[in-house]
Amino acid sequence: MTWPAVLPDVAAAPPGARVAFIGAGPGAADLITVRGAQRLAQAEVVLFDALTDPALQRLAPQARWLDVGKRGFGHATGQAAINALLVQAAQAHARVVRLKGGDPSVFGRLEEEMAALQQAGVAFEVVPGVSAALAAAAGTQRPLTRRGAGRSVSLTTAMTHLGTLQATRTADTEVFYMAGRQLGALAAHLMEAGWPGTTPAYVVSRAGWPDALTTDHTVATLADATAPHADRPAVVTVGAGARPVAGPATVQDP
Ligand code: SAH
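Residues numbered from 1 in each chain as written. Predicted model: local features only at pLDDT ≥ 70, side-chain atom pairs only at ≥ 80, totals over all residues. Heavy atoms only, no water.

Chemist: What is the right way to read the domain arrangement of the protein from this model?
Modeler: Interfaces are often sized by the accessible area lost when the parts come together. According to the domain assignment, the protein contains domain 1 (19-127) and domain 2 (132-242). A straight line from the C-alpha centre of domain 1 to that of domain 2 covers 27 Å. Taken together, the contacts link 10 residues of domain 1 with 13 residues of domain 2. For the pair domain 1 and domain 2, the two sides together bury roughly 910 Å², of which 79% comes from carbon and sulfur. Counting the contacts that link domain 1 with domain 2 gives zero salt bridges. Summed over the shared surface of domain 1 and domain 2, the number is one residue pair in polar contact (both at pLDDT 80 or more). Taken together, the residues of the side of domain 1 that touches domain 2 break down into seven nonpolar, two polar and one charged. (Domains from an automatic or database assignment. Contact = heavy atoms within 4.5 Å. Buried area = accessible area lost by both parts, 1.4 Å probe. Salt bridge = Lys/Arg side-chain N within 4 Å of Asp/Glu carboxyl O. Polar contact = N/O pair within 3.5 Å; in protein donor to acceptor, adjacent residues only side chain to side chain. Nonpolar A, V, L, I, M, F, W, Y, C, P; charged D, E, K, R; others polar.)

Shown next, in the form of structure tokens:
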């Protein structure tokens, strides 16, 4: 059965919206939303990032695909150039897709690109996606929240724009993006922030892809993950949500 048959009511784009920011999900193409896939199928131009699956191009063979990927802090395409290209594309085409890895609202420079479009008077919509933290939790079968012990989750970038490390203790479960290259330093900062060295922590790289890799650690031994995950996009999950689920489950209601 095809999608139109089982799901006829994919919401139309808001009137006048020329750009759709779409979350591609964390990796494998089938983790995009149905709405995202539908927008791609109608796109004339797609500006895409490095961490999106090339297989997604099959959803929009009619579109021009422009690679505007940035890699870490070595910018292949600078943010200002991306903003300008996006505005230009929207002025020339009615259906432009800005495809971002994971969810566009999470460490995706969405604010800058939205502001550029607003300034140029271009209307847009945002279609959510599965962020890496959620794909890591799903793939490792470790719920991010736990009854009682895990009531809050935070998403933190390990790096600030000044290049300094940021570690916090603001939630029962903390997920760190962009930490891959300095796990030893992150461990030290986490302990300074009050996490005991024995706190469970795990690292997942390429979450959502067939070759996803998970390694288990404690906060104190996080640096051991550096080599196995080298040069792969990775998230670090620390705290209550990092514990493997122990079975057999005892069900308590409510
Ligand atoms: N908007 C994206 C995040 C972009 S920032 C999202 O919502 O997921 C880029 C960082 O995201 C990477 O440095 C890495 O920390 C994380 N990341 C992206 N894709 C990932 C994946 N498949 N597995 C693990 N981490 C990933």
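So, next bit.
Chemist: Would you mind going over the site of the ligand with me for this structure?
Modeler: Close contacts around the ligand come from 18 residues, with Pro26, Val106, Ser131, Met178 and Ala234 the closest. A distance of 2.9 Å is found between an oxygen atom of the ligand and a backbone nitrogen or oxygen belonging to Asp103. In the environment of the ligand, a nitrogen atom lies 2.8 Å from a nitrogen or oxygen atom belonging to the backbone of Ala207. If the ligand stood free it would expose 540 Å²; the protein chains cover 89% of that surface. Across the shell around the ligand, the residue classes break down as 13 nonpolar, three polar and two charged. (Near = heavy atom within 4 Å. Areas by Shrake-Rupley, 256 points an atom, 1.4 Å probe, with all protein chains shown as cover.)

Chemist: I tried to follow the sheet that holds strand S7 (residues 173-177) on my own but got confused; where do I start?
Modeler: Strands pair in a sheet through their backbones, by hydrogen bonds, and they do so in one of two ways: parallel or antiparallel. Spatial strand order, S6-S7-S10-S8-S9: five strands in an open sheet with mixed pairing. Edge positions in the sheet fall to strand S6 (153-157) and strand S9 (213-218), since each has one partner strand and no second. Going across the sheet, the axis of each strand differs from the next one's by a mean of 20°, ignoring polarity. Where strand S8 (residues 200-205) lies against strand S10 (residues 234-239), five bridges are found, and the strand directions are antiparallel. Among the inter-strand pairings, Val203 is bridged to a residue of S10, identified as Val236. Strands S6, S7, S8, S9 and S10 of the sheet are contacted by helix H5 (residues 132-140), whose axis makes an angle of about 105° with S8. (Pairing = 2+ DSSP bridges. Helix = DSSP H or I, 4+ residues; strand = E, 2+ residues; numbered from the N terminus. Axes fitted to C-alpha atoms, helices over the stretch in contact; angles between N-to-C directions.)

Chemist: How should helix H6 (residues 183-192) be read in this particular structure?
Modeler: Residues that lie three or four places apart on an α-helix share one face, since the helix turns once every 3.6 residues. Burial in H6 covers these residues: Leu183, Leu186, Ala187 and Leu190. In an axial view of H6, the angular spread of the buried residues amounts to 105°, which keeps them on one side of the axis. In this structure, the buried residues of H6 make contact with S7 and S10. Positive phi shows up at Gly194, right after H6, with a value of about 115°. (Buried < 20%, exposed > 50% of the residue type's maximum accessible area, 1.4 Å probe, protein only. Arc of directions from axis to C-beta.)

Chemist: Would you take a moment to explain the sheet that holds strand S4 (residues 96-100) for this structure?
Modeler: The parallel open sheet is built from five strands, whose spatial order is S3-S2-S4-S1-S5. Unpaired on one side and paired on the other, strand S3 (64-67) and strand S5 (124-127) mark the two borders of the sheet. Averaged over all adjacent pairs, the angle separating strand axes in this sheet is 20°, with direction ignored.

Chemist: What's the story with the side chain of His229 in this structure? I'm lost.
Modeler: Examined against the element boundaries, His229 turns out to sit in the loop between S9 and S10. The residues touching His229, leaving out its near neighbours within four places in the chain, are Val203, Val204, Ser205, Leu213, Thr214 and Thr215.

Chemist: What is the right way to look at unusual backbone geometry in this model?
Modeler: Excluding glycine, most residues fall at negative phi; most peptide bonds, likewise, are trans. The phi torsion at Arg109 lies on the positive side, around 55°, for a residue other than glycine. By the element assignment, Arg109 lies in the loop between S4 and helix H4 (110-119). Although it is not a glycine, Met178 sits at a positive phi angle of roughly 55°. By secondary structure assignment, the location of Met178 is in the loop between S7 and H6. Look at Met178 and you get partly exposed, because its relative accessible area is 43%.

Chemist: Would you mind showing me how to read H5 here?
Modeler: Three or more residues of H5 are buried, namely Ala133, Ala135, Ala136, Ala137 and Thr140. Of the surrounding elements, those touching the buried residues of H5 are S6, S7, S8, S9 and S10. Backbone geometry just downstream of H5 places Gln141 in the positive-phi region, at approximately 55°.

Chemist: Whenever I open this one, the pairing of strand S2 (residues 45-48) confuses me. Can you help?
Modeler: Side-chain positions along a regular strand alternate between the two faces of the sheet. Here S2 shows a buried face lined by Val45 and Leu47 and a second buried face lined by Val46 and Phe48. The pairing of S2 with S3 spans four bridges and is classified as parallel. Residue Leu47 lies in a different strand from S3, and its bridge partner there is Leu66. Pairing of S2 with S4 involves four bridges; the strand directions are parallel. For Val45, the partnering residue across the bridge sits in S4 and is Val96.

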